[in-house]
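So you can see what is in the structure, the chains are spelled out below.
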Number of protein chains: 2
Amino acid sequence: MARGEEPAELLFKNARLVNVLSGEIHKANIAVADGRVVGVGDYEAEKVIDLAGAYLAPSFIDGHFHVESSMLTMPEFARAVVPHGTGAVVIDPHEYANVLGLDGIRYVLESSKNLPLDFFIMLPSCVPATHLETAGARLTADDLALMIADERVAGVAELMNYPGVYLGQESELAKIRAGKGKAIDGHAPGLKGKNLNAYVLAGVRSDHESTELDEAEQKLRLGMHLLLREGSTERNLATLAPLITTHNSMNCSFATDDKLAGDLVSEGHIDHCVRKAIKLGMPPITAIQIATINVARHYRLRNFGAIAPRFWADFVVFDDLKKLVVRQTYKKGLLVAENGKYLGTSPEIVPQPRSTMNLRYQAANFEVKAQKTGKIKVIEIVPEQIVTKQVLVSPKVVAGKIVADTARDILKLVVVERHRATGNVGVGFVRGFKLKYGAIGSTVAHDAHNVVVAGTNDADIKRAIVELEKMRGGLVAVAHGKVKAALALPIAGLVSDQPLAEVIRCMDALNAAAAKMGSDLEAPFMTLSFLSLSPIPELKLTDQGLIDAVHLQKTTLYA
Amino acid sequence: MARGEEPAELLFKNARLVNVLSGEIHKANIAVADGRVVGVGDYEAEKVIDLAGAYLAPSFIDGHFHVESSMLTMPEFARAVVPHGTGAVVIDPHEYANVLGLDGIRYVLESSKNLPLDFFIMLPSCVPATHLETAGARLTADDLALMIADERVAGVAELMNYPGVYLGQESELAKIRAGKGKAIDGHAPGLKGKNLNAYVLAGVRSDHESTELDEAEQKLRLGMHLLLREGSTERNLATLAPLITTHNSMNCSFATDDKLAGDLVSEGHIDHCVRKAIKLGMPPITAIQIATINVARHYRLRNFGAIAPRFWADFVVFDDLKKLVVRQTYKKGLLVAENGKYLGTSPEIVPQPRSTMNLRYQAANFEVKAQKTGKIKVIEIVPEQIVTKQVLVSPKVVAGKIVADTARDILKLVVVERHRATGNVGVGFVRGFKLKYGAIGSTVAHDAHNVVVAGTNDADIKRAIVELEKMRGGLVAVAHGKVKAALALPIAGLVSDQPLAEVIRCMDALNAAAAKMGSDLEAPFMTLSFLSLSPIPELKLTDQGLIDAVHLQKTTLYA
């Protein structure tokens, strides 16, 4: 067929080909067979698709994404992003791994097959995040080595324990070695100077955490591949765009990191990054290279990211280079989305390896005895940040117990271990939710994903936990003993088994319920989900109790 | 050391760093230890080299070179190019392999160690060139598979049998598969259109044979890595430069393919390519990226091609970005050349695996009986090209034998098989050397490298062969029974065991002798060496006789 001796299966005719290899846009006809491009030129084919001068570009690739952040199954995630032109995603199943370990990664591999979207896996490198929380699993370098050779495994995911790496801790260096020459992703917010040099020297090859220009410049100069992040909350492209030139853009890719289902649908995925980059003044061809071939080359995604012989026929079609609204998405030559509508198949849900809600707790343990004097440490939310502050307040005491004080916006925060039925319960207090009544709860609670509930009273807190257990995981808003809104996340306590539209509807309902209860946070459930993340300063609460996240040690409630 | 907790071994201070990763030139200090860059920044070190604002760039890398074309041993080749800033060379030991097979490749690996220059090997894919000549070895895909895993083997060398590839011949596809995901080099002069699509689809990833803009554009658009060639005779950079933009330059590297020792010393190596590209209007940073990181990435030369933590401390120092005269070359932190003078070590010559001059011939076979009538086919040289023309002439006959006719510039051409003592002798006639007396001979005779001699009389032809045998291979000019100039090439009959300067001196003497004998060719010995190359049109002579190189079959002397 390539030689033109017999007709190809399919011909995309009269395209304006966005050629990311020659860095130009030129007219072309593209012949396809067996899901691949077999020729560019004047070919015959059994079926002809006349593009009538529309742009044809390679499908987009996300360089770093935690698919759990969408709370969608793989098929429903495909439903969300394929209409936006996404053809492949490099995912770090960090949350699945924290709950299910290697079984979680295998589940991701298994449940992401037979979709019009290719998934490549980076092996989570920091499970659990610290020893100060009880996760569902622990992954060592030996575990990573067991899976690294899989052809869909692209490398080792973000090495979040960056001090461990730059200090040369053997456990962390072993994880890099387990990568066996595949990609090694970094995660080094704010890291600069000599320790950054040491981090790079240890073998880390990328970073997606730069929030400042100077920081990103240092990383780029030292040879890191820059993943330009545009997620639901973390948005760095506008800040970093001035750094990117046509002399260095080959060392950049786009990434979303964490993005909610609703945002993926309404705003878009990597197509949004491309649009934004073009708006920021980047040449369209450069923005599209960053969204396609650059990612494929960095992660060695064979035959992805360009339109030329041997490459998969993963295409997007659009009519205006600046607006860049994806009209059609093709996967291996098949039309899989058109005008925002997903046309792909939806395979049945793959059963998860095991149940993950194993609770054993006594509600009496939610009570906190007051001391006679002294102030207590309260977690103060910093809106739209995952860091928190520690503040000292005089507790409100009723009948010898410290209780929530809605007048001062102090809620009780409870974490219940859910993986191994240890009975661990952590209790603390939090300021910033502004709930006037009720409680909100979640089994999405980075990184160990235990049950976390913030509430104004113990009864509603308990009611939330009961509901979460009943749903086999999820998000819930409870008031006066009644469930006001809920989203069941029965898959690992992280992911819904419902269709995309239903997930978005429930999420909207949950946010509305929290708002009605008094919260003015943009995303109160996301905020809640980060209150257990022990490596992030300053004060956190895990199933093991209050954590001084600056010094990475347990701490007491009273100051 | 990277963390700055103890002093580095070496600090290159006050550099203008040519940063091929961030695509800019910025001031920097570079710390080195154990031969690698460990940090870029304000470091302490045991030894400080103050560059006082000079440019510091990564050492240059040649993307495709036949080291045999220099006729130098590996150490002497290093002596020639290291002062020009070359730090690594991707070589295709095609000539060694034609003479010595896998033993030749192993010899190249062995004899290229412990030098201030790194060699990466592409496994020759077309040995012998055709079935119409008797080479010293035959390499199949199975042979390539035996060596592909070597860490210094970067892939499979130029697939010269490009019709075999695009027609899908199993023997050629097997060679591509033997590459096991390493680089697959192409060689497809003039190939365009659908057959080029098929060639790319088969798995070929680069090409260095483009001589026209349109041809190179097609190759680049289809995803081939373009090796921009500047050799002793083939010079394509000026032609192809208009194609290269900052949107596609990442898909280009420089290569020399074939370059004589004298040209390497006087004109330079990859530094010459960089200078020429800059003169042609290319941004200096782009030209240096093409000469460094682009090659390293294409061939996956780990830790080569940039200056950043983990990369080898392979540096060049120069004072003027446009003139770009390399003042110093560093290898793994050591100064190995300065102001044109080589400071590296010269290890002892590694013994070759076996002798390669195994002749058995009868001089009587050089005689050609005349027929009563008819014209004969004569090879006509096309100056500075490897193609020849076929012309028909009436032979000069003396005593029933066809003899050379200097009046019409028709010399006798003799090829004697030298690998297996088959006794094969091919005899023909050639026009274009313009020798008035004597003979010139060579054991460098692409691709089989048998003995080839062009002469005005049988006595001098025989004298040349005797001398070549005595020297165990080489080049020779003979007149009136006496050797006028010679260069012994006892290593595989291809390479001298003498120092660089002596090789250049002998080569100059040989050219002068040929000129004195009447030749006006620029490089008569190079011309001679291509008269046996059976796959290149139109008429050639091998040990098997006259070859119709258009139809790839033996032919007769008489038309």
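As a starting point, this report considers the structure included with it. In this text, all values refer to a predicted model and were calculated from it rather than measured experimentally.

## Considerations on the relation of the copies chain A and chain B
Phase 1 of the analysis: Aligned on chain B, chain A shows an RMSD of 0.1 Å; the corresponding rotation is 180 degrees and the shift along the axis is 0.0 Å. When the rotation and shift are considered jointly, the pair of chain copies conforms to a two-fold rotation axis. Identified as the residue of chain A closest to the rotation axis by C-alpha distance is T246 of chain A, at 2.9 Å.
Phase 2 of the analysis: An overlap of 100% is found between the interface residues of chain A and their copies at the interface of chain B, pointing to a shared contact surface.

## Overview of the packing of helix α11 (residues 270–279) of chain A against helix α12 (residues 284–291) of chain A
Residue and element names in this part refer to chain A.
Phase 1 of the analysis: The geometry of α11 relative to α12 is characterised by a closest axis approach of 9 Å and an angle of 150 degrees between their N-to-C directions. Classed by the angle they form, the pair α11 and α12 counts as roughly antiparallel. Considering how the two elements wind past one another, α11 and α12 form a crossing that is right-handed. On the side of α11, the interface is formed by I270, V274, A277 and I278, while α12 contributes P284, A287, I288 and A291.
Phase 2 of the analysis: Of the residues contributing to the contact of α11 with α12, the split by class is eight nonpolar, no polar and no charged.

## Considering the pairing of strand β29 (residues 545–548) of chain A
All names here are of chain A.
Phase 1 of the analysis: Pairing between strand β28 (residues 539–542) and β29: four bridges, direction antiparallel. Bridged to L541 within β29 is L546.
Phase 2 of the analysis: Hairpin connection from β28 to β29: two residues lie between these consecutive antiparallel strands.
Phase 3 of the analysis: Relative to strand β30 (residues 553–554), β29 runs antiparallel, the two being bridged by two bridges. Within β30, the position partnered with D548 by the bridge is Q553.
Phase 4 of the analysis: In this antiparallel pair of consecutive strands, β29 and β30, the connection spans four residues, and L552 shows a positive phi of 50 degrees.

## Here's the deal with a negative patch on the surface
Residues and elements named next belong to chain A.
Phase 1 of the analysis: A cluster of like negative charges, contributed by E6, E9, D34 and E46, occupies part of the molecular surface.
Phase 2 of the analysis: Relative to the helices and strands, D34 is located in the loop between β2 (24–33) and β3 (36–40).
Phase 3 of the analysis: Classification of D34 as exposed rests on a relative accessible area of 67%.

## Structural notes on the interface of chain A and chain B
Phase 1 of the analysis: Contacts between chain A and chain B engage 47 residues on the former and 47 residues on the latter.
Phase 2 of the analysis: Buried area between chain A and chain B, summed over both chains or domains, comes out near 4000 Å², and the portion from carbon and sulfur atoms is 51%.
Phase 3 of the analysis: When residues of chain A are sorted by the area they lose upon contact with chain B, R3, R221 and H247 of chain A head the list and together hold 18% of the total.
Phase 4 of the analysis: Our count for the chain A to chain B interface comes out at two salt bridges.
Phase 5 of the analysis: Of the charged contacts in the structure, one is a salt bridge between R221 of chain B and E24 of chain A, with a shortest N-O distance of 2.6 Å.
Phase 6 of the analysis: Our count for the chain A to chain B interface comes out at 24 residue pairs in polar contact (both at pLDDT 80 or more).
Phase 7 of the analysis: The element best represented in the side of chain A that touches chain B is helix α7 (residues 193–201) of chain A, accounting for six residues.

## As for unusual backbone geometry
Phase 1 of the analysis: Here the amide bond leading from V127 of chain A into P128 of chain A is cis, since omega sits at -5 degrees, within 30 degrees of zero.
Phase 2 of the analysis: You can see P128 of chain A is positioned in the loop between β8 (118–123) and α4 (141–147).
Phase 3 of the analysis: Backbone geometry at N339 of chain A places phi at a positive 45 degrees, although glycine is not the residue there.
Phase 4 of the analysis: The topology assignment puts N339 of chain A in the loop between β16 (334–338) and β17 (341–342).
Phase 5 of the analysis: In this structure, K332 of chain B is a non-glycine residue whose phi angle is positive, near 45 degrees.
Phase 6 of the analysis: Following the sequence through the fold, K332 of chain B ends up in the loop between β15 (326–331) and β16 (334–338).
Phase 7 of the analysis: By relative accessible area, which is 33% here, K332 of chain B ends up partly exposed.

## Observations regarding the sheet that holds strand β10 (residues 183–186) of chain A
Residue and element names in this part refer to chain A.
Phase 1 of the analysis: With parallel pairing, five strands are arranged side by side in an open sheet as β6-β7-β8-β9-β10. Looking at which strands have only one partner, the edges of the open sheet turn out to be β6 (60–65) and β10. Averaged over neighbouring strand pairs, the angle between their axes works out to 25 degrees when direction is ignored.
Phase 2 of the analysis: The sheet contact formed by β8 and strand β9 (residues 153–159) spans three bridges and is parallel. Residue pairing in the sheet places L123 in a bridge with V156 of β9.
Phase 3 of the analysis: α11 contacts β6 and β7 (86–91) of the sheet and is inclined by roughly 105 degrees relative to β6.

## Quick word on a positive patch on the surface
Phase 1 of the analysis: On the surface, R300 and R302 of chain A together with R300 and R302 of chain B cluster together to form a positively charged patch.
Phase 2 of the analysis: Among the secondary structure elements, R300 of chain A is positioned in the loop between α13 (293–298) and β14 (315–318).
Phase 3 of the analysis: Judged by its relative accessible area of 48%, R300 of chain A is partly exposed.

## A few points about the packing of aromatic side chains
Phase 1 of the analysis: Scanning all chains against the criterion turns up 18 aromatic pairs over all chains.
Phase 2 of the analysis: A ring pair is formed by F12 of chain B and F315 of chain B, whose centres lie 4.9 Å apart and whose planes are at 85 degrees; its orientation type is edge-to-face. Within this pair, whereas F12 of chain B is found in strand β1 (residues 8–19), its partner F315 of chain B is found in strand β14 (residues 315–318), the two being separated by 303 residues in sequence.
Phase 3 of the analysis: Grouped by ring-pair contacts, the aromatic residues F12, F315 and Y330 of chain A constitute a single cluster.

Rules used in this analysis
- Residues numbered from 1 in each chain as written.
- Chains lettered and ligands numbered in written order.
- Predicted model: local features only at pLDDT ≥ 70, side-chain atom pairs only at ≥ 80, totals over all residues.
- Heavy atoms only, no water.
- Least-squares fit on C-alpha atoms with pLDDT ≥ 70 in both.
- Contact = heavy atoms within 4.5 Å.
- Axes fitted to C-alpha atoms, helices over the stretch in contact; angles between N-to-C directions.
- Helix = DSSP H or I, 4+ residues; strand = E, 2+ residues; numbered from the N terminus.
- Parallel < 35°, antiparallel > 145°, perpendicular 65-115°, else oblique.
- Left-handed = near helix turned anticlockwise from the far one by under 90°.
- Nonpolar A, V, L, I, M, F, W, Y, C, P; charged D, E, K, R; others polar.
- Pairing = 2+ DSSP bridges.
- Patch = residues over 30% accessible without salt bridge, like charges linked within 9 Å, V, L, I, M, F, W, Y side chains within 5 Å.
- Areas by Shrake-Rupley, 256 points an atom, 1.4 Å probe, with all protein chains shown as cover.
- Salt bridge = Lys/Arg side-chain N within 4 Å of Asp/Glu carboxyl O.
- Lys, Arg positive; Asp, Glu negative; His and termini not counted.
- Charge placed at Lys NZ, Arg CZ, Asp CG, Glu CD.
- Buried < 20%, exposed > 50% of the residue type's maximum accessible area, 1.4 Å probe, protein only.
- Buried area = accessible area lost by both parts, 1.4 Å probe.
- Polar contact = N/O pair within 3.5 Å; in protein donor to acceptor, adjacent residues only side chain to side chain.
- Phe/Tyr/Trp six-rings, centres within 6.5 Å; stacked < 30°, edge-to-face > 60°.

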